[in-house]
Amino acid sequence: MTMKALIKETAAPGLTLTNTREIPVPQKGKVLVRVKIASICGTDLHIYQWDNWAAGAGIKVPCISGHECVAEVVKLGEGAQSVSIGDRISVETHIPCGQCQLCQNGKQHICENLSLFGLHTDGCFSEYAIVPEVTLRKVPDAIPDEIAAMLEPIGVGVHAAQVSDVQGKNVAVLGAGPIGLFSACASLALGARSVSISDLKQSRLELARECGEMTIWNPLETPASTVMGSNAPDVIIETTGSERSLIDALPYLRKGGNVTMAGLFREEVSVNLSRDLVFKEATFKGIHGRKMWDTWDLMETLILQNKLNVAPAATHRFQLEDFSEGFRVASTGEAMKVLLYP
Ligand SMILES: [Zn+2]
Ligand SMILES: [Zn+2]
């Protein structure tokens, strides 16, 4: 039996749709799932375009990319018993080794020997996918498929807000791409006093406004001083990976504040550490992925309590056959999240 799959055939730009890929058989500790919806991530754009980052990410071609999805369990490999056939699941991208010191101490998400679903293994831009049992997450029935397909990136936003101690605080989110948007939504859900969000794209800011009560601002039109000068942030969540955006915001951080870094920077960044960190007793923290499984527990609770209004983030839907258009709108920033139906 064969299936549809989007294949990265060679270490070069592009992806190829095939109908002739064999449906894989789940080996020990693995599970075969039927993908209902997959969602395009920024990482997938890098892989699609095959830029320097993708070329250095340890991806072995040919492979199937894609890591954000909702799927249904169809076959269990030997020893897999935490799920049953027919269960609806989402996937945690970070595949831990389970053996290292970090894994043994509740930090599987930053495992010493971390590998990534859809990068170092075949992913979910296909009708069926093989998922390691340790990364499966059963999705509560009340969470709709489209939200379930986005749980992985929503989880990054929840993780960012969770570690930033946002309750009762003024939160400034830099960047209104998916991770920034989800961080802002999670900050509201976790009781932030106020949330502001910045982006160079007006359409992204308008969408953010649909998700909750936040101050939106465009740095091309409004200087950081106008937004943060009179209402200093206690928390800055950085998701742009832009040096300019970070260093413009840091001087306004309140003393004792938290800066949570989620964006990836292409270059080294120059920060005034004495002024912006030491004298303020500020805390700088990086986050990578989601805690397993605290972040998922919290995220699902917030969604089930209708506190996390993220549904507007799913802006575009395509059949897998029309993936080129999906990748196009995702890369121009026209779309927030693009969903692919295999
Ligand atoms: Zn992702
Ligand atoms: Zn490990």
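Residues numbered from 1 in each chain as written. Chains lettered and ligands numbered in written order. Predicted model: local features only at pLDDT ≥ 70, side-chain atom pairs only at ≥ 80, totals over all residues. Heavy atoms only, no water.

Around the zinc ion (ligand 2), the donor atoms from the protein are Cys-97 (SG), Cys-100 (SG), Cys-103 (SG) and Cys-111 (SG), and they sit 2.3 to 2.4 Å away. One chain supplies every donor to the zinc ion (ligand 2), and in sequence these donors are spaced C-x2-C-x2-C-x7-C. Accessibility classification places Cys-100 together with Cys-103 in one group, the buried group. (Donors = N, O, S within 2.8 Å, 3.2 Å for Na, K, Ca; no water. Buried < 20%, exposed > 50% of the residue type's maximum accessible area, 1.4 Å probe, protein only.)

In this section: the pairing of strand β16 (residues 283-286). On a regular strand, each side chain points to the face opposite its neighbour's, so the side chains alternate between the two faces of the sheet. Here strand β15 (residues 258-261) runs beside β16; their pairing, made up of four bridges, is parallel. Opposite Met-261, over in β16, you have Gly-286 as the bridge partner. Taken together, β15, helix α10 (residues 273-278) and β16 constitute a β-α-β crossover, and its handedness is right-handed. (Pairing = 2+ DSSP bridges. Helix = DSSP H or I, 4+ residues; strand = E, 2+ residues; numbered from the N terminus. Right-handed = clockwise from strand over helix to strand, strands pointing away.)

For the zinc ion (ligand 1), the full set of protein donor atoms is Cys-41 (SG), His-67 (NE2), Glu-68 (OE) and Glu-152 (OE), and the range of their distances to it is 2.1 to 2.8 Å. Read from N- to C-terminus, the donor residues coordinating the zinc ion (ligand 1) fall into the pattern C-x25-H-E-x83-E. Residue Cys-41 is located in the loop between β3 (30-39) and α1 (42-49), and its partner His-67 is located in the loop between β4 (63-64) and β5 (68-76); the two are separated by 26 residues in the primary sequence. On the basis of relative accessible area, Cys-41 is assigned to the buried category, the value being 16%. A relative accessible area of 3% means that His-67 is categorised as buried.

With that out of the way, let us pick up the layout of surface pockets. In this structure, the second largest pocket spans a volume of roughly 160 Å³. In terms of lining residues, the second largest pocket is bounded by Ala-142, Ile-143, Pro-144, Ile-147, Ile-303, Leu-304, Asn-306, Leu-308, Asn-309, Val-310 and Ala-311. Looking at the lining of the second largest pocket residue by residue, the class counts come to nine nonpolar, two polar and no charged. (1 Å grid on protein atoms, 1.4 Å probe; cavity = no way out; pocket = protein on both sides within 12 Å on 5 of 7 lines; lining within 4 Å. Points joined across faces, edges and corners; volume = space filled by probe spheres on them. Nonpolar A, V, L, I, M, F, W, Y, C, P; charged D, E, K, R; others polar.)

On inspection of all chains with the given rule, the structure shows 19 salt bridges. Glu-300 is the salt-bridge partner of Arg-137, the closest N and O atoms lying 2.8 Å from each other. You can see Arg-137 sitting in strand β10 (residues 136-138) and its partner Glu-300 sitting in helix α11 (residues 294-304), a full 163 residues away along the chain. Glu-300 sits in the buried class, given a relative accessible area of 8%. (Salt bridge = Lys/Arg side-chain N within 4 Å of Asp/Glu carboxyl O.)

Turning next to the state of the cysteines. According to the stated counting rule, one finds zero disulfides in the structure shown. Note on Cys-211: no disulfide assigned, nearest cysteine sulfur contributed by Cys-185 at a separation of 4.3 Å. (Disulfide = S-S within 2.5 Å.)

A word on the UniProt feature "domain: Alcohol dehydrogenase-like C-terminal" (unreviewed entry) in the protein. The UniProt record marks residues 178-300 with the feature "domain: Alcohol dehydrogenase-like C-terminal" (unreviewed entry), using the residue numbering of this structure. The span residues 178-300 is 38% helical and 16% strand by assignment, and the distance between its end C-alpha atoms comes to 18 Å. (UniProt positions renumbered as here; feature names shortened; annotations may be inferred.)

The α-helix winds at 3.6 residues per turn, so residues separated by three or four positions along the chain end up facing the same way. With twelve residues, helix α6 (residues 178-189) extends 16 Å between its outermost C-alpha atoms, agreeing within 8% with the 16 Å of an ideal straight helix rising 1.5 Å per residue. Burial of α6 is extensive: ten of the twelve residues sit out of reach of the surface. In the segment just after α6, Gly-191 is the residue with positive phi, at about 90 degrees. (Expected span 1.5 Å × (residues − 1).)

Here we come to the side chain of Ser-90. Relative to the elements of secondary structure, Ser-90 occurs in strand β6 (residues 88-91). Residue class for Ser-90 comes out buried when judged on its relative accessible area of 1%. Polar side-chain contacts of Ser-90 include one of 3.1 Å to the backbone oxygen of Cys-69. Not counting residues within four places of it along the chain, the set of residues in contact with Ser-90 comprises Cys-69, Thr-135, Leu-136, Arg-137, Val-139, Ala-148, Leu-151 and Trp-296. (Polar contact = N/O pair within 3.5 Å; in protein donor to acceptor, adjacent residues only side chain to side chain. Contact = heavy atoms within 4.5 Å.)

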